[in-house]
Amino acid sequence: MRLLVNIDHIATLRNARGEGYPDPIEGAEVCEKAGAAGIVFHLRGDRRHILDEDVYRLKKSVKGILDFEMAASDEMIRICKDVDPHLCTLVPEGREELTTEGGLNMAVVYDDFEQRVFPEFKDTGIELSLFLDPNPKDIELAHKLGADAIELHTGTFANAKDKSAQKHELERLKKGAELIHEAGMTVNAGHGLNLNNLPLLIRDVPHLSDISIGHALISKSIYWGLERTVKEYLKIMN
Ligand code: PXP
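Residues numbered from 1 in each chain as written. Predicted model: local features only at pLDDT ≥ 70, side-chain atom pairs only at ≥ 80, totals over all residues. Heavy atoms only, no water.

Draft legend 1. Summary view of the site of the ligand. The environment of the ligand is formed by 14 residues, the closest being E69, T100, E151, G192 and G214. With respect to the ligand, the backbone of G192 contributes an N or O atom lying 2.8 Å from an oxygen atom. H215 is positioned such that a nitrogen or oxygen atom in its backbone is 2.8 Å from an oxygen atom of the ligand. Notes on the ligand: free accessible area 400 Å², of which the protein chains cover 93%. (Near = heavy atom within 4 Å. Polar contact = N/O pair within 3.5 Å; in protein donor to acceptor, adjacent residues only side chain to side chain. Areas by Shrake-Rupley, 256 points an atom, 1.4 Å probe, with all protein chains shown as cover.)

Printed below as a string of structure tokens:
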């Protein structure tokens, strides 16, 4: 199991003042030095946090896994191929959303992904991961497309209102992880994870590989510092 830190919100803070700091690339270095296996960033169409120049600087400085999270637009595919990260995680993206709100609807995107998106990545060596809710049908279609990995959307579990809803979501994630693993794909997970809910996810959901964590980790680092916060997450994962 590997911790990939999403550094988008270091860029959010930088952009709030436009003075060039805090620098997300420096943040990525601290995370890796503290033991994170890699870095995730989401280059959004509206460039609300990470900017194009950040992406190229990250490519130069990140020593571990680089996960390029993006919508499957022609523009993003071009940049992603140019940057050549280890992993590309495809997500749905809405202009008004505060953050990614759910997984891809595979029935809706299937034909486009098959005809336009997946052929673009063929022979690039970039692994393709699809951000999905733990729906068997979505997982089956992702497998049919030839996805290397699936990032399970853990947001519904993270936001569960009570213990019974949480248990229900954990059960869905567990079944989803089993299906993904049986199909020979890598099981990644992310969204809404924090120091309280991560232990439950790890306890109940098998085959987890890359865990992508951003908002809660970066928020906690305001009080604890980034190095200590990354180490606290690693303690849970190890
Ligand atoms: N994975 C995906 C696909 C995401 O869109 C996000 C949010 O950018 C994350 C993981 C990280 O979520 P959070 O910031 O809630 O930890």
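Draft legend 2. How the structure looks around the sheet that holds strand β7 (residues 186-190). Taking strand neighbours around the barrel as the criterion, the 8 strands line up as β1-β2-β3-β4-β5-β6-β7-β8 in a closed arrangement whose pairing is parallel. Each strand of the sheet is rotated relative to its neighbour by a mean of 25 degrees, with strand direction disregarded. Of the pairings in the sheet, the one linking strand β4 (residues 87-90) to strand β5 (residues 127-132) comprises 4 bridges and is parallel in character. Its bridge partner being in β5, C88 is matched across the sheet by L128. Each of β3 (65-70), β4 and β5 is contacted by helix α5 (residues 106-121), which is oriented at about 165 degrees to β5, the strand it contacts most. Its contacts with the sheet place helix α6 (residues 136-145) against β5 and β6 (149-153), and it is angled at close to 165 degrees to β5. (Pairing = 2+ DSSP bridges. Helix = DSSP H or I, 4+ residues; strand = E, 2+ residues; numbered from the N terminus. Axes fitted to C-alpha atoms, helices over the stretch in contact; angles between N-to-C directions. Contact = heavy atoms within 4.5 Å.)

Draft legend 3. Seen up close, the pattern of salt bridges. By the definition in use, this model includes 18 salt bridges. R48 is paired through a salt bridge with D46; the nearest N and O atoms lie 3.1 Å apart. Looking at R48, the relative accessible area reads 27%, which means it is partly exposed. Between E227 and K231 there is a salt bridge, with the nearest N and O atoms lying 2.8 Å from each other. On the criterion of helical spacing, the pair formed by E227 and K231 is a turn pair, its members being 4 residues apart in helix α11 (residues 226-237). Taken together, the shared-partner salt bridges in this structure form one network comprising R44, D46 and R48. (Salt bridge = Lys/Arg side-chain N within 4 Å of Asp/Glu carboxyl O. Buried < 20%, exposed > 50% of the residue type's maximum accessible area, 1.4 Å probe, protein only.)

Draft legend 4. Main features of the packing of aromatic side chains. Counted under the stated rule, the structure contains 2 aromatic pairs. Judged by centre distance (4.7 Å) and plane angle (50 degrees), the ring pair of F41 and F68 falls under tilted. Separated by 27 residues along the polypeptide, F41 in strand β2 (residues 38-42) and F68 in strand β3 bring together distant segments of the chain. Pair check on accessibility: F41 and F68 agree, each one buried. (Phe/Tyr/Trp six-rings, centres within 6.5 Å; stacked < 30°, edge-to-face > 60°.)

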